[in-house]
Structures are given as C-alpha cells and as structure tokens.
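Working through the structure, step by step
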Amino acid sequence: MDLALSRLRLEDPMSPGSFSPDQDAYRRLIAQLGFAVAPTVLTPARTNGTRGFYVGFETSVVGITENSASDFWRNGTEGDDMSDYATGNRFLQNHYYLSRLMIRKGLPFGFELGLNAGHAYNTDLWIWGAEIKIALLEGFREGIPAFLPDIAIRAAVSTVTGDDEYSLTVPSFDLIVSKRLVAGGSVMITPIVGAQLQWTLADGEFVDLTPERNAFEECAPAPGWPDPMMPPASSTFSCTGSNQDYGNYGLFDKLRQFRARMMVGMEIRYRIFAVNFGMHWDLRNPEDFDDDVAGLDLQRQWNFSFGFGLHH
C-alpha cells in the first residue's frame, strides 16, 4: 500500500505519450491518507499526574473508499510485482492499518507531554508524533464537583516519512471529556468523548510520470548543438530520436484541507494495566469545510483504534 504517484497521470489526447499529473486523484488519495495518520484520541482527559507516566501500544484500522470518479487508491498504490499501470494495485485493501508506540509523561499544573512513533503496515511509511495536553478540570472526588467530568484540551501533530515523492503533516486540536468510574473497588472504567479539528498539510515533489520509459535512450543523444546557427545552449548534445519523455515530469499541487471528526471510546484500567479503544468518524462530509477538495466526491471516513499499556 505504498503510494505510487507516477500512476496518477493523464495522457494528452493531442499528444499520445505525453502525460500530466492527475491532480484530483492525488488530492483524493492524500486527503484520505491524512485522515488515516491523524492523531488519535484514546487518552482520558485526566493526566497521569506529576510523577506518573504511560507507555502503550495502539493499533488503528481505517476505512478507505473509492468513488465513482476514479480508482485513486487502486491506481495510486504499488501492489505486488505483477501490478502495473494498466491494472493498478491488484490486491487493494479496503482498510488501512497502522500501529503506534505511545509515551506520555505527566507534568505540574495539569500538563502532560506525549511522543509516539508508528508504522503503516505493508508500506515503508513511518509516522512520528507529539502532543501536549492541558487538563482544565480533573480529579474532583468529593461534594458536588465530584459529579463533574474531567475536561482537557490537546494539541497534537503527526508527520510521515519514508516516501520522497511528497511530504505530509497532520496537526490537530482536540477537546476531550471523560469520567472515571470505579467498579469493584479496583477496576476503573473511563468513558471518553472527544471532538477533533484536523488539518492535512501536504506538499508534492517532482515525480517521473513514466518510470517505465527511459528518456535518455529515447532521445538517442549525439554530440553537437541542436541548431548550428544558434548560440550554444546549456547542453552539449542534440536528440536524434524523441525528446518527448523529458517532459513527462509533474509536480503535484499542495493540499491544505480541514476536517472535523468526533470520537467515543473507553479506557479500562486494573492497577497499572490499561486497555483502551475508540471510534473516530468525520462529523460532516469533508467537502463541506474546504474549497480545496470541493467537487472531489470525498466520502466520510472512520477509524477504529485499540491499545493496551502500563500506567505508573
């Protein structure tokens, strides 16, 4: 499921063999990938305290979709060795899978810092993230305030490495509400509700749209200037064949997309052991928020995440 952006190309009907980037397919693909790698909200609003920390492992399953306009996931991902430009990815998955190792440390005054590193399965992509959480209200146990939930805000960011054809960074701002309940005197159950504002920031690099062709061989260069009557050019050879493939390089547009999503989940803790899970989904159609993806027929996505860890 590594991206193969060179397959997202459009042929010029007036010049067979000349290609330009399929910008719409690229924006659809990157928008859905941005949703997949966005920071997850699985932590309760309550922090770990000044002396506490958390180490955990989380896995996410993300729904990915095609649309009636194009098979952008099939065309834009590599597949096996038998997949080519005509077939695209022969074994396209309906879901995107990734895991993260999480570390969070409590600090004074209701602050908590976190770092994470992850990997997307069946790809060369690595995901790196950081977060800072501020508990606005937490830990009341007596009197009327004991009925109030814990409330926190969080700023987080994820960035992707492992592919030199594009850069992708996804910052988010979250509101988290949770309430710890005690069962049996030793098991703590914490329902979690969250709202997240997410931005997908992507920039493309120059991509060879015809890697199956060799521009140098098609050119069949020979020493000399293209036109002896003209001043010397920057090159010292002329093409005896075709120089068409030298023009088959493309730069994909930058993408700046905003999305809003909701989350519900739960953490179950026994002594130092914790299990957590949660569901994220788009609050509205992505096109409702941003003109940058208007008309792309982007569908809502979902993310189911679960994990386990140790509190101290």
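1. Section: the overall build of the protein chain
A count of helical and extended segments in the protein chain gives three helices and 17 strands. The C-alpha atoms of the protein chain give 25 Å as radius of gyration, which overshoots the globular expectation for 312 residues (20 Å, by more than 25%). Each principal axis of the C-alpha atoms in the protein chain carries an extent, and together these give about 95 × 40 × 35 Å. In the protein chain, once contacts between residues fewer than 6 apart in sequence are set aside, the share between residues at least 24 apart is 67%. Split by element, the accessible area of the protein chain, about 15,500 Å² in all, is 62% carbon and sulfur. Computing the positive centroid from 25 side-chain charges and the negative centroid from 39, the protein chain places the two 16 Å apart.

2. Things to note about the pairing of strand β16 (residues 273-282)
Burial along β16 is one-sided: Ala274, Asn276, Gly278, His280 and Asp282 are buried, while Phe273, Val275, Phe277, Met279 and Trp281, pointing the other way, are not. Direction of pairing for strand β15 (residues 255-270) relative to β16: antiparallel, over a ladder of ten bridges. Looking at the pairing, arginine 269 lines up with alanine 274 of β16. The turn joining β15 and β16, which pair antiparallel and follow one another in sequence, is formed by two residues; a positive phi near 55° is taken by arginine 271.

3. Describing the nonpolar core
Nonpolar side chains in soluble globular proteins tend to be buried together. Counting 35 residues, the largest nonpolar core has Leu5, Tyr96, Tyr166 and Leu168 as the members making the most contacts within it. Put simply, the parts of the chain that give this core at least two residues each are α1 (23-37), α2 (72-76), β4 (95-107) and β8 (166-178). At nine residues, α1 tops the list of elements feeding residues into this core. Apart from the residues within four sequence positions on either side, tyrosine 166 is in contact with Leu3, Leu5, Tyr26, Ile30, Leu33, Leu125, Asp203, Gly204 and Glu205.

4. Details of the side chain of asparagine 248
In this fold, asparagine 248 is placed in the loop between β13 (237-239) and β14 (249-251). At 2.8 Å, the side chain of asparagine 248 forms a polar contact with the backbone nitrogen of phenylalanine 19. With residues up to four places along the chain from it excluded, the contact list for asparagine 248 reads Gly17, Ser18, Phe19, Val207, Asp208, Leu209, Thr210 and Arg213.

5. Remarks on the state of the cysteines
This model, assessed by the stated rule, comprises one disulfide. A sulfur-sulfur separation of 1.9 Å characterises the disulfide bridge that pairs cysteine 219 with cysteine 239. Torsion about the S-S bond of the cysteine 219 and cysteine 239 cystine: about -100°, corresponding to left-handed handedness. With cysteine 219 in helix α3 (residues 215-219) and cysteine 239 in strand β13, the pair connects residues that are 20 residues apart, well separated along the chain.

6. Things to note about the packing of aromatic side chains
Counted by the stated rule, this structure contains six aromatic pairs. Ring geometry for phenylalanine 304 and phenylalanine 306: centres 5.9 Å apart, planes at 35°, overall tilted. A relative accessible area of 37% means that phenylalanine 306 is categorised as partly exposed. Over the face of the ring belonging to phenylalanine 19 we find arginine 9, whose NZ or CZ atom lies 4.3 Å from the ring centre. Note that arginine 261 overlies the ring of phenylalanine 35, its terminal NZ or CZ placed 4.7 Å from the centroid.

7. Section: α1
The terminal C-alpha atoms of α1, which comprises 15 residues, lie 21 Å apart, in line with the 21 Å expected from a rise of 1.5 Å per residue. Where burial is concerned, most of α1 is hidden: 14 out of the 15 residues are buried.

8. Things to note about the layout of surface pockets
Put simply, the largest pocket is a space of about 210 Å³. As for the largest pocket, its lining consists of 15 residues, and the residues nearest its centre are Thr47, Asn48, Arg180, Arg269 and His311. For the lining of the largest pocket, the class distribution of residues is two nonpolar, six polar and seven charged. If you go around the second largest pocket, the residues you meet are Asp2, Leu3, Ala4, Leu5, Ser6, Glu78, Asp124, Gly162, Asp163, Asp164, Glu165 and Pro211. Of the residues belonging to the lining of the second largest pocket, the class tally is four nonpolar, two polar and six charged.

9. Points about the pairing of β8
Judged by which residues are buried, β8 turns out to be one-sided: Tyr166, Leu168, Val170, Ser172, Asp174, Ile176 and Ser178 face inward and are buried, whereas Ser167, Thr169, Pro171, Phe173, Leu175 and Val177, on the alternate face, are not. In terms of strand pairing, strand β7 (residues 150-161) meets β8 through eleven bridges, oriented antiparallel. Residue pairing for β8: threonine 159 is matched across the bridge by threonine 169. Where β7 hands over to β8, the hairpin turn is made up of four residues, of which glycine 162 adopts a positive phi near 120°.

Calculation criteria
- Residues numbered from 1 in each chain as written.
- Predicted model: local features only at pLDDT ≥ 70, side-chain atom pairs only at ≥ 80, totals over all residues.
- Heavy atoms only, no water.
- Helix = DSSP H or I, 4+ residues; strand = E, 2+ residues; numbered from the N terminus.
- Rg over C-alpha atoms; globule rule 2.2 N^0.38 Å.
- Contact = heavy atoms within 4.5 Å.
- Areas by Shrake-Rupley, 256 points an atom, 1.4 Å probe, with all protein chains shown as cover.
- Lys, Arg positive; Asp, Glu negative; His and termini not counted.
- Charge placed at Lys NZ, Arg CZ, Asp CG, Glu CD.
- Buried < 20%, exposed > 50% of the residue type's maximum accessible area, 1.4 Å probe, protein only.
- Pairing = 2+ DSSP bridges.
- Core = buried A, V, L, I, M, F, W, Y, C linked by side-chain atoms within 4.5 Å.
- Polar contact = N/O pair within 3.5 Å; in protein donor to acceptor, adjacent residues only side chain to side chain.
- Disulfide = S-S within 2.5 Å.
- Phe/Tyr/Trp six-rings, centres within 6.5 Å; stacked < 30°, edge-to-face > 60°.
- Lys NZ or Arg CZ within 6 Å of the ring centre and 35° of its normal.
- Expected span 1.5 Å × (residues − 1).
- 1 Å grid on protein atoms, 1.4 Å probe; cavity = no way out; pocket = protein on both sides within 12 Å on 5 of 7 lines; lining within 4 Å.
- Points joined across faces, edges and corners; volume = space filled by probe spheres on them.
- Nonpolar A, V, L, I, M, F, W, Y, C, P; charged D, E, K, R; others polar.

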